[in-house]
Amino acid sequence: MVSRPAAHPARACLTIDLVIGRGELPDAAWERVEALLPKVDGRGRPWRDHRQVVNGVLWRLRTGAPWRDLPERYGPWQTVYERFARWEADGTWSKLLEHVQVRNDEVGQVEWTVSVDSTVNRAHQHAAGARKRGPQNGDELEDPGRSQARQALGRSRGGLTTKVHLAVEGRGLPLSIVLTLGNVNDATAFGEVLDGIRVPRAAAGRPRTTPERVLGDKAYSSRAIRHLLRRRGIAVTIPERRDQEANRRRRGRLGGRPPAFDKEIYRDRNVVERCFARIKQFRAVATRFDELADRYRTGIVLASLVLWLREPAR
């Protein structure tokens, strides 16, 4: 039996440090959110170190592993999961994202040319395993189809899927997040996505809800969407579908003029595609493991928060 020499202690320590620090919030990012986290838990018990717990939540989001497999360095997995669920229920995670957006808008970093699009994410079998609860008397169970629809799970040829709709600003950072069933048309959810854009002012004043321009692909080419944007004073850059163009030409003068479209401006729409690629680096976003739609959306909120924190502050 051949004995192998022990690894050099310095190299072993270096390897451990790199593994521990991967995907965790750096000091600069932590300083931007630390003061916003709750100081007490409301039950008179001291909190476990916030940074340890938040990094544990990010580890699970990045790897997509079950909560029970959380490494010991982040503390008990029950503590991390309960903190994640509690802050999802009271809106703490959403408030963190909103705060970072407000600070960026205050210094003029938010670019209000907004791009919209959606992506379909496959739901793992664990995401469809929620207990189907019926009325309180327990006489009958809830229809599984209705339960899946309420949790944004749509059935298609590929199985159960969830569609994530995003509106991102000019640098590709999310402003609005909407979940629907995977087989829902993009245009159907556009109004909700647009209404989800809301960045409060740092000083007094109404929140910013109106972008300067909206970029979208042909899936958003409809009269209703163009009329909605025109009524709100928002410039539109959406290409016309071929069937719509053919119908307009067939009607002659009654078909009206073609909608204005600038190819140069439209090239900037790819920022939303790049945003999807970045948030899908978090495996718990790329594949849905959460049974509840609110929990899954919170994971996307956290991934979006990390993207905003990675942008250098002026």
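Structural data are supplied above this passage.
Now for a look at the structure at hand. (Residues numbered from 1 in each chain as written. Predicted model: local features only at pLDDT ≥ 70, side-chain atom pairs only at ≥ 80, totals over all residues. Heavy atoms only, no water.)

### Description of the overall build of the protein
For step 1, the next point in the chain: Looking only at helices and strands, the protein features 13 helices and six strands.
For step 2, the next point in the chain: Within the span of the protein, comprising 314 residues, buried residues form 44% of the whole.
For step 3, the next point in the chain: Expressed as a percentage of contacts within the protein between residues at least 6 apart in sequence, the contacts between residues at least 24 apart total 66%.
For step 4, the next point in the chain: In the form shown here, the protein has an accessible surface area of approximately 18,300 Å², with 49% of it arising from carbon and sulfur atoms. (Helix = DSSP H or I, 4+ residues; strand = E, 2+ residues; numbered from the N terminus. Buried < 20%, exposed > 50% of the residue type's maximum accessible area, 1.4 Å probe, protein only. Contact = heavy atoms within 4.5 Å. Areas by Shrake-Rupley, 256 points an atom, 1.4 Å probe, with all protein chains shown as cover.)

### Things to note about the nonpolar core
For step 1, the next point in the chain: Ranked by size, the top nonpolar core spans 68 residues in total, and within it F190 and I279 carry the most contacts.
For step 2, the next point in the chain: Sort the elements by how many residues they give to this core and helix α13 (residues 293-310) lands first, with eleven residues.
For step 3, the next point in the chain: Every residue in contact with I279, bar those within four places of it in the chain, is listed here: L166, V285, I300, A303 and L307. (Core = buried A, V, L, I, M, F, W, Y, C linked by side-chain atoms within 4.5 Å.)

### Here's the deal with the environment of I177
For step 1, the next point in the chain: Position of I177 among the secondary structure elements: in strand β4 (residues 174-181).
For step 2, the next point in the chain: Judged by relative accessible area, I177 falls into the buried class, the value being 8%.
For step 3, the next point in the chain: Through-space distance from the C-alpha of I177 to that of R297 is 7.7 Å; in sequence the pair is 120 residues apart.

### A closer look at unusual backbone geometry
Generally, phi is negative for residues other than glycine and the peptide bonds are trans, each holding for most cases.
For step 1, the next point in the chain: A positive phi angle, close to 60°, is found at A152, a residue other than glycine.
For step 2, the next point in the chain: Mapping A152 onto the fold places it in the loop between α6 (144-150) and β2 (154-156).

### Comments concerning the environment of P259
For step 1, the next point in the chain: Along the chain, P259 falls in the loop between α9 (242-250) and α10 (263-266).
For step 2, the next point in the chain: Judged by its relative accessible area of 29%, P259 is partly exposed.
For step 3, the next point in the chain: Sequence separation of P259 and T237 is 22 residues, and the distance between their C-alpha atoms is 9.0 Å.
For step 4, the next point in the chain: The residues touching P259, leaving out its near neighbours within four places in the chain, are R226 and E240.

### A few points about the packing of helix α3 (residues 50-63) against helix α4 (residues 77-89)
For step 1, the next point in the chain: Packing of α3 against α4 brings their axes to within 9 Å, and their N-to-C directions diverge by 85°. Viewed along their axes, α3 and α4 adopt a mutual orientation that is roughly perpendicular. For the pair α3 and α4, the contacting residues are H50, V53, V54, G56 and V57 in the first and V80, R83, F84 and W87 in the second.
For step 2, the next point in the chain: Of the residues in the contact of α3 with α4, the class split is six nonpolar, two polar and one charged. (Axes fitted to C-alpha atoms, helices over the stretch in contact; angles between N-to-C directions. Parallel < 35°, antiparallel > 145°, perpendicular 65-115°, else oblique. Nonpolar A, V, L, I, M, F, W, Y, C, P; charged D, E, K, R; others polar.)

### Focus on the packing of aromatic side chains
For step 1, the next point in the chain: In the structure shown here, the tally under the stated rule is six aromatic pairs.
For step 2, the next point in the chain: For the ring pair W67 and Y81, a centre distance of 5.3 Å and an interplane angle of 65° mean the geometry is edge-to-face. On the criterion of sequence distance, the pair formed by W67 in the loop between α3 and α4 and Y81 in helix α4 is long-range, its members being 14 residues apart.
For step 3, the next point in the chain: Taking relative accessible area as the criterion, W67 reaches 12% and is therefore assigned buried.
For step 4, the next point in the chain: With a centroid separation of 5.3 Å and an interplanar angle of 40°, the aromatic rings of W67 and F84 are classed as tilted. Placement of W67 in the loop between α3 and α4 and of F84 in helix α4 is noted, with a sequence separation of 17 residues between them. With respect to class, W67 is no different from F84; both count as buried. (Phe/Tyr/Trp six-rings, centres within 6.5 Å; stacked < 30°, edge-to-face > 60°.)

### Comments concerning the pairing of β4
For step 1, the next point in the chain: Most of β4 is tucked away, with seven of its eight residues classed as buried.
For step 2, the next point in the chain: The antiparallel pairing of strand β3 (residues 159-168) with β4 creates a hairpin that spans five residues between the two strands, and G172 there sits at a positive phi of about 90°. (Pairing = 2+ DSSP bridges.)

### Describing the side chain of D105
For step 1, the next point in the chain: Positionally, D105 belongs in helix α5 (residues 92-106).
For step 2, the next point in the chain: In this structure the side chain of D105 is engaged in a polar contact, spanning 3.2 Å, whose partner is the side chain of W112.
For step 3, the next point in the chain: Not counting the four nearest positions on each side in its chain, D105 is found in contact with V110, W112, V199 and R201. (Polar contact = N/O pair within 3.5 Å; in protein donor to acceptor, adjacent residues only side chain to side chain.)

### Some words on the environment of L153
For step 1, the next point in the chain: By the secondary structure assignment, L153 is in the loop between α6 and β2.
For step 2, the next point in the chain: Using a relative accessible area of 5% as the deciding quantity, one classes L153 as buried.
For step 3, the next point in the chain: Through-space distance from the C-alpha of L153 to that of L181 is 4.9 Å; in sequence the pair is 28 residues apart.
For step 4, the next point in the chain: Contacts of L153, omitting those with residues within four sequence positions, involve A123, A127, A128, Q148, L160, T161, T162, L181 and R288.

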